[in-house]
Amino acid sequence: VDRARAMERNEAARVAQLEADLVLERRRLQQGVLLAPFDAIVTARAVSLGSYVEAGEACFELLSLEQREILLELPPRVAMQLQPGSIVTVESDELPGVALECALTTVLPATDPRARVFTGVVRIGPDEDPGQRLVPGMFVRASANLRSVEGALTVPIDCLAEDGGGARIVVVQP
């Protein structure tokens, strides 16, 4: 009987030790879980599976789906005519029939003066694209109305013929 009680105490101690080990391993597992502070997709991973990291060390690069940016390459003549708040229509071949109306946030100066290209920034928030149809990596086309004159006849610039007297439009009637 004494031997059985001793075995029972040993097994109870072993169960208690295993339960303590389980609590410790659950805590370690929780420490290994990284949660993004917002809805996002991972665009870059700086660590590999099983790596040890320090507190505050960057592990992933995240891209928020709530606030997305489109960077537009603008020639100087267009960049000078656009102002923050100008309406830009954004379309993608991957989403036929979808045109998003967004406000231009800013026009950044040319980073390389030889390239003569300015960068227009359009931010797409939840109001402009509630279904989050435009996703990072999509190719988009953007257009903006630079100038409008009520009742004016407009033609594509390719239809103008320039000579010494200025630009002319030729109309061919059958």
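Relevant structure appears above.
Every chain is numbered on its own, with residues counted from 1 as its sequence reads. pLDDT decides what is reported in this predicted model: residues at 70 or higher carry local features, side-chain atom pairs at 80 or more are listed and counted, and totals for whole chains, interfaces and linings draw on all residues regardless. Computation of side-chain values covers all heavy atoms of the structure but excludes hydrogens and water.

Chemist: Sorry, what's going on with the pattern of salt bridges here?
Modeler: Here the idea is simple: oppositely charged side chains can pair when their charged atoms come close. Here, a salt bridge means any Lys or Arg side-chain nitrogen found within 4 Å of an Asp or Glu carboxyl oxygen. Counted under the stated rule, the structure contains six salt bridges. For Glu69, the salt bridge goes to Arg123, with nearest N and O atoms at 2.8 Å. Taken together, the residues Glu69 in strand E3 (residues 68-74) and Arg123 in strand E6 (residues 118-124) connect sequence positions 54 residues apart. A salt bridge links Asp129 to Arg133; its shortest N-O distance comes to 3.1 Å. Taking the relative accessible area as the measure of exposure, Asp129 reaches 1% and is therefore buried. Arg133 sits in the partly exposed class, given a relative accessible area of 37%. Taken together, the salt bridges that share partners define one network made up of Arg68, Asp129 and Arg133. Working definition: helices are DSSP H or I runs of at least four residues, strands are E runs of at least two. Numbering for both runs from the N terminus. Only protein chains enter the accessibility calculation, which uses a 1.4 Å probe; a residue whose area is less than 20% of its type maximum is buried, one above 50% is exposed, and one in between is partly exposed.

Chemist: What is the right way to read the side chain of Ser92 from this model?
Modeler: By the element assignment, Ser92 lies in the loop between strand E4 (87-91) and strand E5 (99-108). Here Ser92 falls in the buried class, since its relative accessible area comes to 6%. Here a polar contact is taken to be a pair of N or O atoms separated by no more than 3.5 Å, where protein atoms must pair a possible hydrogen donor with a possible acceptor and residues adjacent in sequence count only if both atoms sit in side chains. A distance of 3.0 Å separates a polar side-chain atom of Ser92 from the backbone oxygen of Phe139. By definition in these notes, contact holds between two residues if any of their heavy atoms fall within 4.5 Å. Each residue touching Ser92, except ones within four places of it in the same chain, is listed here: Leu134, Met138, Phe139 and Val140.

Chemist: For this particular structure, what's the right way to read the nonpolar core?
Modeler: Among soluble globular proteins, nonpolar side chains are generally buried collectively. For the purposes of this section, nonpolar cores are sets of buried Ala, Val, Leu, Ile, Met, Phe, Trp, Tyr and Cys residues that join through side-chain atoms within 4.5 Å. Core analysis: the biggest nonpolar cluster contains 19 residues, and Ile70, Leu74, Val122 and Leu134 have the highest contact counts within it. Of all the secondary structure elements, the ones that give two or more residues to this core are E3, helix H2 (76-79), E4, E5 and E6. With residues near it in sequence (within four places) discarded, Leu134 still touches Arg68, Ile70, Val90, Ser92, Leu95, Leu100, Ile124, Asp129 and Val140.

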